[in-house]
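# Observations on chain architecture
In case you want the letters, here they are:
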Amino acid sequence: GRKASSAVARTTTSSITITTMTDQFTLSNVACIDTAKSPHPISTGIGFFDHMIDQLNSHAQIGVAVIVTKTNGESSSAMSPSFEFVNRYADEDQALIMGQVGAALGSQLKELVYKGEESNSRTSRFCCPLDEALVECVLTKSSSNNEGKLTKFTLPPYGKYPANKGRSKIGTMKTQFVETFFTNVAQSSGMDISLVKVRGDNGHHVVESAFKAFSRALRNLIDGTDTNNYTSDEFEKMWGEKSVSYTAGLELCREGKLERSTKETSILVHVLMNGLLKGSDSVQVDTGIKTMDEFVAILAKEAKMSVEVKCNGDLYVDDHHTSEDVSIALGQVLNTAFGTKAGLNRMWCATGTYGDAEVEVTMDLSNRPCITHNLSLSSNPNDEEYAGDLSIEMLDHVLESLVMNSKSTVHIVENKAGNTVLETAMATAMAYGAALRMCAAVDPRRAGKTASSKGTLSV
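Summarised in this report is the structure supplied together with it.

The next thing to look at is the overall build of the protein. Along the protein, the regular secondary structure elements total 12 helices and 21 strands. Counting over 459 residues, the protein shows a buried share of 58%. Across the protein, contacts joining residues at least 24 apart in sequence account for 77% of those joining residues at least 6 apart. Summed over all atoms, the accessible surface of the protein reaches about 19,100 Å², with 47% contributed by carbon and sulfur.

The next thing to look at is empty space enclosed by the protein. One pass over the full model with this rule turns up 4 cavities of 30 Å³ or more. Forming the boundary of the largest cavity are 16 residues, of which Y246, R254, R437, A440 and A441 lie nearest the centre. Among the elements that line the lining of the largest cavity, the one with the most residues is helix α8 (residues 244-251), at 4 residues. Within the lining of the largest cavity, the residues separate by chemical class into 9 nonpolar, 4 polar and 3 charged. The calculated volume of the second largest cavity comes to roughly 80 Å³. Around the second largest cavity sit 13 residues that line it, and Q61, R216, R219, N220 and N345 are the ones nearest its centre. For the lining of the second largest cavity, the element with the most residues is helix α6 (residues 203-223), which contributes 4 residues. Grouping the amino acids of the lining of the second largest cavity by side-chain chemistry returns 3 nonpolar, 4 polar and 6 charged.

On to the pattern of salt bridges. Considering all chains together, one arrives at 14 salt bridges under this definition. For E234, the salt bridge identified is with R122, shortest N-O distance 3.6 Å. Linking E234 in helix α7 (residues 233-239) with R122 in strand β6 (residues 122-130), this pair joins segments that are 112 residues apart in sequence. For R219, the salt bridge identified is with D223, shortest N-O distance 2.9 Å. With a gap of 4 residues between them, R219 and D223 both fall in helix α6, about one helical turn apart. For R219, a relative accessible area of 5% corresponds to the buried category. Owing to a relative accessible area of 18%, D223 belongs among the buried residues under this scheme. Within this structure, D34, R219, D223, D443 and R445 form a network of salt bridges that share partners.

When α8 is considered as a whole, its buried residues turn out to be S245, Y246 and G249. Take α8 and look down its axis: the buried residues cluster within an arc of 100°, on one side only. When the buried face of α8 is taken as reference, the exposed residues oriented beyond 90 degrees from it are V244 and E251. Looking at the buried side of α8, the elements it contacts are α7. One or two positions beyond α8, positive phi appears at C253, with a value near 50°.

Note that an α-helix has 3.6 residues per turn; residues three or four places apart therefore point the same way. For helix α10 (residues 320-338), spanning 19 residues, the distance from its first C-alpha to its last is 27 Å, which sits close to the expected 27 Å at 1.5 Å a residue. Backbone geometry just downstream of α10 places G339 in the positive-phi region, at approximately 65°.

As a further point, take the nonpolar core. If you look at the biggest cluster of nonpolar residues, it comprises 128 residues, and the most contacted ones within it are V101, F214, L218 and M305. The greatest single-element share of this core, amounting to 12 residues, is contributed by helix α12 (residues 421-439). Sequence-distant contacts of V101, defined by excluding residues within four places in its chain, comprise L27, T44, F49, I53, V66, V68 and F181.

Each pair of packed helices gets described by two things: the angle between the helix axes and the distance between those axes. The interhelical angle for the contact between helix α5 (residues 178-189) and α6, taken along N-to-C directions, is 10°, at an axis separation of 12 Å. In terms of orientation, α5 lies roughly parallel with respect to α6. Listed contacts from α6 to V178, F181, F182 and V185 of α5 are V207, F211 and F214. Its residues assigned to classes, the contact of α5 with α6 shows 7 nonpolar, no polar and no charged.

This next bit is on the sheet that holds β6. As summarised here, the arrangement of the 4 strands in space is β6-β7-β11-β8, forming an open sheet in which the pairing is mixed. Edge positions in the open sheet fall to β6 and β8 (150-153), since each of these has one partner strand only. The mean inter-strand angle of the sheet, taken between neighbouring strand axes irrespective of direction, is 10°. Note that β6 and strand β7 (residues 133-141) share 9 bridges and pair antiparallel. Its bridge partner lying in β7, P129 is registered against L134. Running over the sheet, α5 touches β8 and β11 (191-200) and is turned about 155° from β8.

The rules behind each value
Residues numbered from 1 in each chain as written. Predicted model: local features only at pLDDT ≥ 70, side-chain atom pairs only at ≥ 80, totals over all residues. Heavy atoms only, no water. Helix = DSSP H or I, 4+ residues; strand = E, 2+ residues; numbered from the N terminus. Buried < 20%, exposed > 50% of the residue type's maximum accessible area, 1.4 Å probe, protein only. Contact = heavy atoms within 4.5 Å. Areas by Shrake-Rupley, 256 points an atom, 1.4 Å probe, with all protein chains shown as cover. 1 Å grid on protein atoms, 1.4 Å probe; cavity = no way out; pocket = protein on both sides within 12 Å on 5 of 7 lines; lining within 4 Å. Points joined across faces, edges and corners; volume = space filled by probe spheres on them. Nonpolar A, V, L, I, M, F, W, Y, C, P; charged D, E, K, R; others polar. Salt bridge = Lys/Arg side-chain N within 4 Å of Asp/Glu carboxyl O. Arc of directions from axis to C-beta. Expected span 1.5 Å × (residues − 1). Core = buried A, V, L, I, M, F, W, Y, C linked by side-chain atoms within 4.5 Å. Axes fitted to C-alpha atoms, helices over the stretch in contact; angles between N-to-C directions. Parallel < 35°, antiparallel > 145°, perpendicular 65-115°, else oblique. Pairing = 2+ DSSP bridges.

Structure follows, in structure tokens:
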């Protein structure tokens, strides 16, 4: 991608003026404020680009602002919500604008990441799940704050329409310059950035997933936490059992309960988001299917929630009705316990291992239910039909029913298949529970507000 390195920058307290060889733009009110909102807007003259930068506000909890104007053009005070104004620079040199904005924001982020001094190196990894995309971001902060690099970038093609090409524009933003933006962010922030598309057929969501994954990884990097490390002092301080987050979660007394009977099943499901304070006896599962019992119990223990599940089903017919109804009910009860999801961490990714199996679950309490996975179920090497005493086709259906009824977006990535499908199933339960625990955690910095650029998950 084209870089903004040809620009000459002059920095002041409130603005960065950049003069280029082809034109002159002023970037005013450039700000990246940690855990606070900027009073100024994001207005680059490219509407979709504004929307993507705004993900830093919602998901990195960084108050971002930047206004792009032509030095001899319109005043930044003449802001308008019209399509023409918001996209006023759509026909200008987008590589230059997006590169300059990346460089300006990166220099501000450098102050947050390095806090004005050299420090120990650190890595932060985050995956962001959308219903049609999953992007992994890895940020590396070196022991010195030298120029960073965009080490890996595999987002193109942006979607599959048209085939093998994808979208050239999203709104008025040219997708080819997304790489330009992140190249310049890396260079000026001192961070190495890797962005890898794990999967994704929708161009809009591929780009959105990338910006959200970057924002979440950045938040963790600043906090000193990481999705791959649950034992660090920083993680314990932020999310551990003595943290403000943990206490706030218990104080919510989140609970869901459902009892129902049909000709096929009689079910009781009761969930308490109580940190399993009462011990292992707080997980009681009896469905008549041992694999289901173990799956739900592992999930609950990893999620640190008390669960009571009882089901008397028509197992004399098949395992279908029992396993389906239990997973539907559990999903519904979880969704009830989450409430509006306001103030929750909302997104996380976690890995589970069981036997030889290793599975990663990336979850978003999005209210937009979708599940995507690559588990070796139909193509398992042993040609198995059952995972323990649960038919494999119903394992697939259990996952779908759980996700859809909890109104979550879930991507499951099988890093390594187990020797049996049962091992893979239990690794999935472990990862699912661990991700659920962190998604449901209260982030006190959000002050009860929803982690969304829309401000709500209800529509």
